[in-house]
Amino acid sequence: HLQKYISQLFPVDYTWAKRSKKGIAVGVYLPDTVKEKIKVVFAIDLSGSIGDEEKADFVSEIVGVANQYQNRADFRILTHDTKVHTDEKVDRATKEKVCNVKYHGGGGTSHREVMQYIEDNVKDVKAVVFFTDAYSDLQDIDFGEFRYGKIFVISKNGDERCLSGKN
């Protein structure tokens, strides 16, 4: 679901300024696609209820997405509990770069704080992927206040009930 969501974020347009190489072999001129970069933020809940297994699962998902879209997206990784602890840009994302990010947290959980931080500090973000167990203040947040796309990846022992009815 995460891969499908992210792949739909990329704008698709065509240009005749550069022809597609695919049509050359058969003698047909086709337009090439214009590939624009987008900004994607990964917000990782590292509150006290997140264990090493969940953290490893979250980082593994980020590595997978980063490997697939490293040439088409600029990534930023945030870690948080009740406040943002890490804010790191990961250009040309590789497994090593993602794994070398300093992952800090350990307190309670507030998604409102990280969502407001993104709104105030990250310009032109297309989407935010929240990795969490969802034991937080999500039910109290009006998601419409925040201008970016949102998707929540909830750990296998997380509380999915808090997102019912949210968009």
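All values derive from a computational prediction rather than experimental measurement. (Residues numbered from 1 in each chain as written. Predicted model: local features only at pLDDT ≥ 70, side-chain atom pairs only at ≥ 80, totals over all residues. Heavy atoms only, no water.)

Asks: Looking at this structure, how should I read the environment of Lys-21?
Replies: By the element assignment, Lys-21 lies in the loop between strand 1 (12-19) and strand 2 (31-35). A sequence separation of 10 residues divides Lys-21 from Pro-31, and the C-alpha atoms of the two residues are 9.0 Å apart. (Helix = DSSP H or I, 4+ residues; strand = E, 2+ residues; numbered from the N terminus.)

Asks: I tried to follow the nonpolar core on my own but got confused; where do I start?
Replies: The nonpolar side chains of a soluble globular protein tend to be buried, and buried together. Ranked by internal contacts, the top residues of the largest apolar core, which has 29 residues, are Ile-6, Phe-42, Phe-75, Ile-77 and Val-98. Those elements that provide at least two residues to this core are helix 1 (2-7), strand 3 (38-45), helix 2 (52-69), strand 4 (73-80) and strand 6 (125-132). Among the elements that make up this core, the one with the highest residue count is helix 2 (7 residues). In this structure, Val-114, Val-125, Val-128 and Ala-134 belong to the second largest nonpolar core, which totals 18 residues. (Core = buried A, V, L, I, M, F, W, Y, C linked by side-chain atoms within 4.5 Å. Buried < 20%, exposed > 50% of the residue type's maximum accessible area, 1.4 Å probe, protein only.)

Asks: Could you clarify how one ought to interpret the side chain of Ser-155 in this entry?
Replies: Structurally, Ser-155 is set in the segment after strand 7 (149-154). Discounting residues that sit within four places of it in the chain, Ser-155 has contacts with Glu-54, Phe-58, Thr-132 and Asp-133. (Contact = heavy atoms within 4.5 Å.)

Asks: Just to check I follow, could you spell out the layout of surface pockets for this structure?
Replies: Regions of empty space are outlined by a rolling probe, equal in size to a water molecule, passed over the atoms. Here the largest pocket is characterised by a volume of approximately 180 Å³. Lining the largest pocket are Lys-18, Arg-19, Ser-20, Lys-21, Lys-22, Pro-31, Asp-32, Thr-33 and Lys-35. Put simply, the parts of the chain that give the lining of the largest pocket at least two residues each are strand 1 and strand 2. Among the elements that line the lining of the largest pocket, the one with the most residues is strand 2, at 4 residues. Grouping the amino acids of the lining of the largest pocket by side-chain chemistry returns 1 nonpolar, 2 polar and 6 charged. (1 Å grid on protein atoms, 1.4 Å probe; cavity = no way out; pocket = protein on both sides within 12 Å on 5 of 7 lines; lining within 4 Å. Points joined across faces, edges and corners; volume = space filled by probe spheres on them. Nonpolar A, V, L, I, M, F, W, Y, C, P; charged D, E, K, R; others polar.)

Asks: Sorry, what's going on with unusual backbone geometry here?
Replies: What you tend to see is this: most non-glycine residues have negative phi, and most peptide bonds are trans. Non-glycine residue Asp-124 carries a positive phi angle of around 60°. Relative to the assigned elements, Asp-124 resides in the loop between helix 4 (111-121) and strand 6. According to the relative accessible area criterion, Asp-124 is exposed, its value standing at 64%. Residue Ala-134 is not a glycine yet carries a positive backbone phi of 70°. Among the secondary structure elements, Ala-134 is positioned in the loop between strand 6 and strand 7. Take Ala-134: its relative accessible area is 1%, and that puts it in the buried class.

Asks: Which parts of the structure should I look at to understand the pattern of salt bridges?
Replies: Proximity of charged atoms lets side chains of opposite charge pair with each other. Applying the stated rule across the entire model yields 5 salt bridges. A salt bridge links Arg-147 to Glu-119, with the shortest nitrogen-to-oxygen separation between them at 3.4 Å. Residue Arg-147 is located in the loop between strand 6 and strand 7, and its partner Glu-119 is located in helix 4; the two are separated by 28 residues in the primary sequence. Of the residues examined, Arg-147 reaches a relative accessible area of 44% and is grouped as partly exposed. A residue is classified by how much of its surface remains accessible, and Glu-119, at 19% relative accessible area, is buried. (Salt bridge = Lys/Arg side-chain N within 4 Å of Asp/Glu carboxyl O.)

Asks: Which parts of the structure should I look at to understand helix 2?
Replies: Every α-helix winds through 3.6 residues per turn, so residues three or four apart in the chain are directed the same way. Relative to the 26 Å expected for 18 residues at 1.5 Å per residue, helix 2 spans 26 Å between its end C-alpha atoms, a close match to the ideal helical length. Three or more residues of helix 2 are buried, namely Glu-54, Phe-58, Val-59, Ile-62, Val-63, Val-65, Ala-66 and Tyr-69. Where helix 2 is buried, its residues touch helix 1, strand 3, strand 4, helix 3 (95-99), strand 6 and strand 7. (Expected span 1.5 Å × (residues − 1).)

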